[in-house]
Amino acid sequence: MINFDEFIKTDLRVARVIKAEDVVDADKLIKLTIDLGDEEKTIFAGIKGVYKPEDLVDRLIVVVANLKPRKMRFGVSEGMLLAAGDDVGGVFLLSPDHGAKPGQKIS
């Protein structure tokens, strides 16, 4: 359990996927370039096989925008997208409602 003061440090934001591509030699990763309104970031997400890269472009998603960059074998991931999932392999990206704009804070 975390307390409220720890939780509010999490910067959840609306992002628009501006580019998505398969990561060669990775079984599960897709490389996403996202627009956060005032900046672009790269995120590596383990959603290959569930989502096609071309279906993600222009989609609004929810991301954790203030994670420390993480060096991975395929590059540096600068955030994390939020998704629901289950043990059977279902992965469901969280999407903001209509009218949300890239960069808006989620509270």
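Quick note: structure is the one above.
These lines cover the structure that appears in this document, whether it is placed above or below. Each chain has its residues counted from 1, following the order in which its sequence is written. The model is predicted, so local features are restricted to residues of pLDDT at least 70 and side-chain atom pairs to those at 80 or more, both for listing and for counting; the totals for chains, interfaces and linings are taken over all residues. Only hydrogens and water are set aside when side-chain values are computed; all heavy atoms of the structure are taken into account.

### Digging into a nonpolar patch on the surface
Selection rule: Grouping into patches uses exposed residues only, defined as over 30% relative accessible area, and leaves out salt-bridged ones; the cut-off is 9 Å for like charges and 5 Å for nonpolar side chains (Val, Leu, Ile, Met, Phe, Trp, Tyr). Per-residue and other accessible areas follow the Shrake-Rupley method at a 1.4 Å probe size, with only the shown protein chains counted as cover for residues. What counts as a salt bridge is simple: a side-chain nitrogen of Lys or Arg found within 4 Å of a carboxyl oxygen of Asp or Glu. In this description a helix means any DSSP run of H or I spanning at least four residues, a strand means any run of E spanning at least two, and both kinds are numbered starting from the N terminus. Throughout this description, buried means an accessible area under 20% of the type-specific maximum (1.4 Å probe, protein chains only), exposed means over 50%, and partly exposed covers the range between.
Where nonpolar side chains cluster on the molecular surface, the patch consists of Ile2, Phe4, Phe7 and Ile8 and spans about 460 Å² of accessible area. Residue position: Phe4 is located in helix α1 (residues 4–7). You can call Phe4 exposed: its relative accessible area is 59%.

### Considerations on the sheet that holds strand β7 (residues 80–81)
Applied cut-off: Strand pairing is defined by DSSP finding a minimum of two bridges between the two strands.
Here we have five strands laid out as an open sheet, ordered β3-β2-β1-β4-β7, and antiparallel in their pairing. Across the chains shown, the open sheet's two edge strands, defined by having one partner strand only, are β3 (40–45) and β7. For strand β4 (residues 60–64) and β7, the ladder comprises two bridges, and the chain directions are antiparallel. Across the sheet, residue Val64 finds its bridge partner in β7, namely Met80.

### Overview of the environment of Ile47
Rules: Contact definition: two residues touch when any of their heavy atoms are within 4.5 Å.
Within the fold, Ile47 resides in the loop between β3 and α2 (53–56). By relative accessible area, which is 3% here, Ile47 ends up buried. For the pair Ile47 and Asp22, spaced 25 residues apart in the sequence, the C-alpha separation amounts to 9.8 Å. Residues within four places of Ile47 in sequence aside, it is in contact with Lys28, Ile30, Leu56, Leu81, Val91 and Leu93.

### Describing unusual backbone geometry
Of note, the phi angle at Asp25 is positive, near 70 degrees, even though the residue is not glycine. Structurally, the position occupied by Asp25 is in the loop between β1 (12–22) and β2 (30–35). You can call Asp25 exposed: its relative accessible area is 67%. We note that Asp58 has phi near 75 degrees; this positive angle belongs to a residue other than glycine. Among the structural elements, Asp58 can be located in the loop between α2 and β4.

### Here we look at the pattern of salt bridges
Per the stated rule, a full pass over the model turns up three salt bridges. Between Lys105 and Asp11 there is a salt bridge, with its nearest N and O atoms 3.6 Å apart. Taken together, the residues span a long stretch of sequence, with Lys105 in the segment after β9 (91–93) and Asp11 in the loop between α1 and β1 at a distance of 94 residues. Here Glu21 makes a salt bridge to Lys19, at a shortest N to O gap of 3.7 Å. Overall, Glu21 belongs to the partly exposed group, its relative accessible area being 31%. When salt bridges with common partners are traced through the structure, they connect Asp11, Arg13 and Lys105 into a single cluster.

### Considering the environment of Pro96
Residue position: Pro96 is located in the segment after β9. Sequence separation of Pro96 and Ala15 is 81 residues, and the distance between their C-alpha atoms is 9.2 Å. Look past the residues within four positions of Pro96 in its chain and what remains in contact with it is Val14, Leu60, Ile61 and Val62.

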